[in-house]
Amino acid sequence: MEMWRGIVAGLGVLFLASLNDAGTASLITDKTFCDACCSGPSGVPGIPGTPGQHGEDGKPGKRGPKGDPGDIGFKGEPGLTGVEGLKGIKGSKGAKGFFGKLGPRGPPGEIGPKGDIGEKGIKGDLGDKGEKGDQGPIGPTGEQGVQGQKGVKGRRGTPGQRGITGTKGRRGDRGFVGLQGPPGPQGIGIQGPKGETGRRGDKGEPGLPAPELMQCAFMVHCFISSGDLSHGRGEIIPFDDIVTNIGQYYDINRRKFIAPIPGTYVFHFTTDFDKGQLQLKKNGETMVEAKRFSSIVIELQMSDQVWLSMAEDSIFSDAHFYLSGFLLHIQFEYLANNMYVTAH
């Protein structure tokens, strides 16, 4: 309180001084008074008052409202990568801790799935041999055993010597049907009036069966061993085993097929001979050449000859050979002039 009183007294002195200065100024500015009557000497300044005591601290004010959020600052530049520190020294292994106390037994768990079958155990040592027992009674006679399997097929024997070639038989005298003669000259006359429709005739007797077209097909086989080969390379394969020979157009003596009629024929050959080439020839001209098997369709005229031979540079070894052929169709021109080509 004393401090506040000192402050108030100082303020009052200053206020009065200001009033005096104001009055003096008004007197000086007023022209009705002279300077000698109204202007006195300046007074001595008063002694400053004692400073008042520090007032009590004021109570804290209420918290102001929350300010608006500031703008987001710019992203700073990434810092420099620090230098990798030195690797620390590996610490020593600590001492093994003590075993803890055994805890209480837990509740029984659920039954787990069945485990895999374990590995087979190691075979145990053979036990000691027991004493020989008494002989038992004679058992009943056993059933008859199963019949044994058939033995392996024996090796094929050596081919026998070729027989004497027989004389060729005489072919029949039956010939083909002759060509149809030319038509006669047309008669000259006046066409008569159309006659009345005649009475339908009785049904005729059944005619004779139609003649069959010529049939021609064959298949022949032979086996030749390297020791029995009596002909040179480039010659005809000696087929001696006739499997099929419809029409008898394969001549086994000449080892050739003889075309009986003009037409288109199919030929096929196969073998297990693997050290050379085989050639199908027509009248001496090679039509096809192959190593193991081949087929061909060719045109033949009457009496053309077809056979199978070995190439000149072949190295012969034991092998089986097959040759077959058949008539595919008769030549159209020949069939048109010979409508009744019968089977021989």
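Up top you'll find the structure we're talking about.
This one's a predicted model, so the numbers in the text were calculated from it and none came from an experiment.

Some points on the packing of aromatic side chains
What the rule picks out here adds up to six aromatic pairs. With 5.2 Å between their ring centres and 15° between their planes, F218 and F257 make a pair best called stacked. With a gap of 39 residues between them, F218 in strand β1 (residues 217–224) and F257 in strand β4 (residues 256–258) connect regions that are remote in the sequence. Accessibility classification places F218 together with F257 in one group, the buried group. Here a set of aromatic residues connected by ring pairs shows up, and it is made of F218, Y250, F257, Y265 and F267. In this structure, K256 packs its charged tip against the face of W307, placed 4.3 Å from the ring centre.

Notes on the nonpolar core
F239, F257, Y265, F267, L280 and F321 are the most contacted members of the largest nonpolar core, which totals 33 residues. Those elements that place two or more of their residues in this core are β1, β5 (263–271), β6 (278–282), β7 (285–290), β8 (293–300), β9 (305–310) and β10 (319–330). Here this core gets five residues from one element, more than from any other, and that element is β10. Contacts of Y265, omitting those with residues within four sequence positions, involve C216, F257, A259, P260, I296, V297, I298, L300, F326, L327 and L328.

What about the side chain of Q279?
Tracing the chain through its elements places Q279 in strand β6. The buried category is assigned to Q279, whose relative accessible area is 13%. At 3.2 Å, the side chain of Q279 forms a polar contact with the side chain of E289.

Conventions used here
- Residues numbered from 1 in each chain as written.
- Predicted model: local features only at pLDDT ≥ 70, side-chain atom pairs only at ≥ 80, totals over all residues.
- Heavy atoms only, no water.
- Phe/Tyr/Trp six-rings, centres within 6.5 Å; stacked < 30°, edge-to-face > 60°.
- Helix = DSSP H or I, 4+ residues; strand = E, 2+ residues; numbered from the N terminus.
- Buried < 20%, exposed > 50% of the residue type's maximum accessible area, 1.4 Å probe, protein only.
- Lys NZ or Arg CZ within 6 Å of the ring centre and 35° of its normal.
- Core = buried A, V, L, I, M, F, W, Y, C linked by side-chain atoms within 4.5 Å.
- Contact = heavy atoms within 4.5 Å.
- Polar contact = N/O pair within 3.5 Å; in protein donor to acceptor, adjacent residues only side chain to side chain.

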